Structures are given as structure tokens and as C-alpha cells.
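For reference, the chains in residue letters:
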Amino acid sequence: MCLSIPSKIIELHPEETSITVDTMGVKRKVSCHLIDEPLELDDYVLIHIGFAMNKIDKADALETLELYKEIAQKMEPQS
């Protein structure tokens, strides 16, 4: 099973068919040649093994990110 976290596009590199994304504070460059639709800064995508697989709705992405943050907080050890 693969779990994909919504990633926000922060840089476009059309000459390389790639984008730089921010995934909950982690930034990395990934290929976007598998996506046919236009991508813009601040769009959200799902990544799998270094490839942007699809663009997702911003509202859905933000809701999902909030759920991940909630899960992470509940997993932190209590002092």
C-alpha cells in the first residue's frame, strides 16, 4: 500500500519537465511528465516514487493535510 501526501508546487521547471514541491515542509524536485494538464504555482499534486501522478483540488489537499497533522500529533509521545 502506498500513502501519498498532497504536495504543493513551489517552482516550475518546464525545460526539465519537472517541478519542485513542498510536502509538509520537505522540498524536492520531481518529474511531472506524466501529467497532461497544465500545472501552476500553488497547485497540489500527488507524488509516487519521484513522479507527480495527478493534480488534486486545493480544498481537498488542504483538508487532507490537516488530517495528517492531526494524526501526527496523536502519534507523538505524551510527556
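If you're wondering where the values come from, they're calculated on a predicted model, not measured in any experiment. (Residues numbered from 1 in each chain as written. Predicted model: local features only at pLDDT ≥ 70, side-chain atom pairs only at ≥ 80, totals over all residues. Heavy atoms only, no water.)

Here the focus is the pattern of salt bridges. All chains considered together, the criterion is met by 7 salt bridges. With a closest N to O distance of 3.9 Å, glutamate 37 and lysine 55 form a salt bridge. With glutamate 37 in the loop between strand S3 (26–31) and strand S4 (44–48) and lysine 55 in strand S5 (residues 51–56), the pair connects residues that are 18 residues apart, well separated along the chain. Exposure remark for glutamate 37: the relative accessible area of 41% places this residue in the partly exposed category. Among the ionic contacts, a cluster of salt bridges with common partners joins Glu37, Asp43 and Lys55. (Salt bridge = Lys/Arg side-chain N within 4 Å of Asp/Glu carboxyl O. Helix = DSSP H or I, 4+ residues; strand = E, 2+ residues; numbered from the N terminus. Buried < 20%, exposed > 50% of the residue type's maximum accessible area, 1.4 Å probe, protein only.)

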